[in-house]
Amino acid sequence: MSLKASHLKVGDTHAERVVENLSRTQLVQYAGASGDYNPLHTDEVYTTQVAGYPTVFAHGMLSMGLTAKMITNFVGDGRLTKYGVRFTNQVWPGDSLDATATVAALREEGGKHYVDLTVSTTNQDGKEVISGSATARIDP
Amino acid sequence: MTKITFPVEASHIMMFARAVGETNPVYLDADKAKRGETDGIIAPPTFPQSVAQFDPEYHLRPKPGQKWFGSAKTPSGVEGKPASSGGLHAEQHFEYHRHLRPGDVLSVEIKPGKTWEKESKRAGKLLFSERITEYRDQHGELVVTARSVAVKTERPVDAG
């Protein structure tokens with residue numbers, strides 16, 4: 001199930017399409033589950049007429065959560081020890097996102113094995129929306 | 001500094017997992033999760049942020065009897081005042097000592113961190129502020145630490 005250090009090398013990648021044609025309804029779903037009801041994500045009238053954006057846009061945390069799915073599918077369940085991102089561009093309804101993890105380092109610390117990953121998520125135009133890193137405990 | 005009690009529940013984990021498009025049984029199916037490496041359901045990596053549900057003062061949730069800045073009869077419920085969302089999310093970092101499980105009752109402390117400014121071509125002056133959130137379990141053990149950076153922009157960030 002889990003990754004093995006002996007089967008990995010620096011530069012290896014794992015990529016997944018984490019959302020296809022993101023719907024406004026999924027933004028509502030994420031607002032309800034997370035408790036973040038910022039109208040910028042669900043209220044078209046407020047967002048266009050008051051805030052001055054072309055339309056509602058995704059919670060950064062939704063993009064981070066979608067990207068996490070790719071990482072945990074790669075490293076295994078309950079293996080993440082660190083995960084951090086910068087939100088580099090907004091994600092809009094209709095976007096499709098591809099998330100990629102690249103092995104940056106393989107380490108042994110206190111008898112445990114870890115993989116450090118660089119993480120990048122891009123939209124259908126190739127624009128990066130998430131740039132980050134993650135660390136996971138893996139098998140020898 | 002804010003202190004919040006955050007009870008972690010399987011139904012909340014299920015709703016959160018669905019919202020991020022998860023189909024992994026480790027978040028959704030108690031029987032399958034029990035047979036796997038984690039010996040039961042765990043929460044997805046970004047789930048700790050939904051502590052917002054348990055913050056009585058959380059400013060991005062409409063509250064009974066209080067004006068809400070989103071639209072209703074008019075485009076904003078606080079017309080005439082600057083409608084602020086509290087800024088955009090610039091960065092988020094988690095450190096996991098262990099993963100959260102249904103039945104955990106977390107004590108969560110949110111503390112302000114550093115603040116700084118930057119100029120940007122896309123959105124004018126940017127004011128950054130950091131927030132550190134520590135999640136401790138029912139035994140007092142630190143289980144997750146989160147650091148988030150918010151940014152307030154002078155004007156909307158354009159779609160280009």
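This is a predicted model, so every value here is computed, not measured. (Residues numbered from 1 in each chain as written. Chains lettered and ligands numbered in written order. Predicted model: local features only at pLDDT ≥ 70, side-chain atom pairs only at ≥ 80, totals over all residues.)

**Q** Got a minute to help me understand the interface of chain A and chain B in this structure?
**A** Note: interface size is frequently given as the accessible area lost on complex formation between the parts. The interface is formed by 44 residues belonging to chain A together with 43 residues belonging to chain B. Element by element, the count of residues in the side of chain A that touches chain B is highest for helix α3 (residues 60-75) of chain A, at nine residues. Two strands pair when backbone bridges link them, and strand β2 (residues 80-87) of chain A and strand β2 (residues 88-96) of chain B are joined in this way by five bridges, in the antiparallel orientation. Along β2(B), the bridge assignment pairs Y83(A) with F94(B). (Contact = placed C-beta atoms within 7 Å. Helix = DSSP H or I, 4+ residues; strand = E, 2+ residues; numbered from the N terminus. Pairing = 2+ DSSP bridges.)

**Q** Looking at this model, I keep getting lost on helix α1 (residues 10-19) of chain B. Mind explaining?
**A** Buried within α1(B) we find H12(B), I13(B), F16(B), A17(B) and A19(B). Each buried residue of α1(B) lies within a common arc of 160° when the element is viewed along its axis, so the set occupies one face. Residues of α1(B) that are buried sit in contact with α1 (24-34) of chain A together with α2 (25-28) of chain B. Just beyond α1(B), the residue with positive phi is G21(B), at close to 75°. (Buried ≥ 20, exposed ≤ 12 C-beta atoms within 10 Å, placed from the backbone. Arc of directions from axis to C-beta.)

**Q** How do you make sense of the environment of A17(B) when you look at a structure like this?
**A** Residues and elements named next belong to chain B. Its place among the elements puts A17 in helix α1. The spacing of A17 and Y27 is 10 residues in sequence and 6.5 Å in space, taken between C-alpha atoms. Among residues more than four places away in sequence, those in contact with A17 are E22, Y27, L28 and P44.

**Q** Explain the packing of α1(A) against α1(B) here, please?
**A** What describes two packed helices is the angle between their axes and the distance between those same axes. Remark: α1(A) packs on α1(B), axes separated minimally by 8 Å, with the N-to-C direction vectors making an angle of 155°. Between α1(A) and α1(B), the angle is such that the two are roughly antiparallel. Handedness of the crossing formed by α1(A) with α1(B): left-handed. Mapping the contact onto sequence places Q29(A), Y30(A), A33(A) and S34(A) in α1(A) and M15(B), F16(B), R18(B) and A19(B) in α1(B). Residues of the contact of α1(A) with α1(B), tallied by class, amount to five nonpolar, two polar and one charged. (Axes fitted to C-alpha atoms, helices over the stretch in contact; angles between N-to-C directions. Parallel < 35°, antiparallel > 145°, perpendicular 65-115°, else oblique. Left-handed = near helix turned anticlockwise from the far one by under 90°. Nonpolar A, V, L, I, M, F, W, Y, C, P; charged D, E, K, R; others polar.)

**Q** It is not clear to me how the sheet that holds β2(A) should be interpreted in this structure. Could you clarify?
**A** Within a sheet, adjacent strands bond to each other through the backbone by hydrogen bonds, running parallel or antiparallel. On the basis of which strands lie adjacent, the open sheet formed by 10 strands has the order β1(A)-β3(A)-β4(A)-β5(A)-β2(A)-β2(B)-β5(B)-β4(B)-β3(B)-β1(B) and antiparallel pairing. Only two strands of the sheet have a single partner each, and these edge strands are β1 (13-19) of chain A together with β1 (2-7) of chain B. Taken pair by pair, the neighbouring strands of this sheet meet at an average axis angle of 20°, ignoring direction. Where strand β3 (residues 97-109) of chain A meets strand β4 (residues 112-122) of chain A, 11 bridges bridge the pair, whose relative direction is antiparallel. Its bridge partner being in β4(A), T102(A) is matched across the sheet by T118(A). Strands in contact with α3(A) are β1, β2, β3, β4 and β5 (128-138) of chain A together with β2 of chain B; relative to β1(A), the strand with the most contacts, it is inclined by about 135°.

**Q** What is the right way to read the environment of G77(B) from this model?
**A** Residues and elements named next belong to chain B. Inspection of the secondary structure puts G77 in the loop between α3 (30-35) and β2. For the pair G77 and V51, spaced 26 residues apart in sequence, the C-alpha to C-alpha distance is 26 Å. When sequence neighbours within four positions are dropped, the list of residues in contact with G77 reads K67, W68, F69, G70 and A72.

**Q** Just checking my understanding: could you explain the nonpolar core for this structure?
**A** The nonpolar side chains of soluble globular proteins are, as a tendency, buried together. The biggest cluster of nonpolar side chains holds 65 residues, and the ones touching the most others in it are I71(A), V75(A) and A134(A). Once you skip the residues sitting within four places of it in the chain, I71(A) turns out to touch L80(A), Y83(A), A101(A), L117(A), V119(A) and A134(A). (Core = buried A, V, L, I, M, F, W, Y, C linked by C-beta atoms within 7 Å.)

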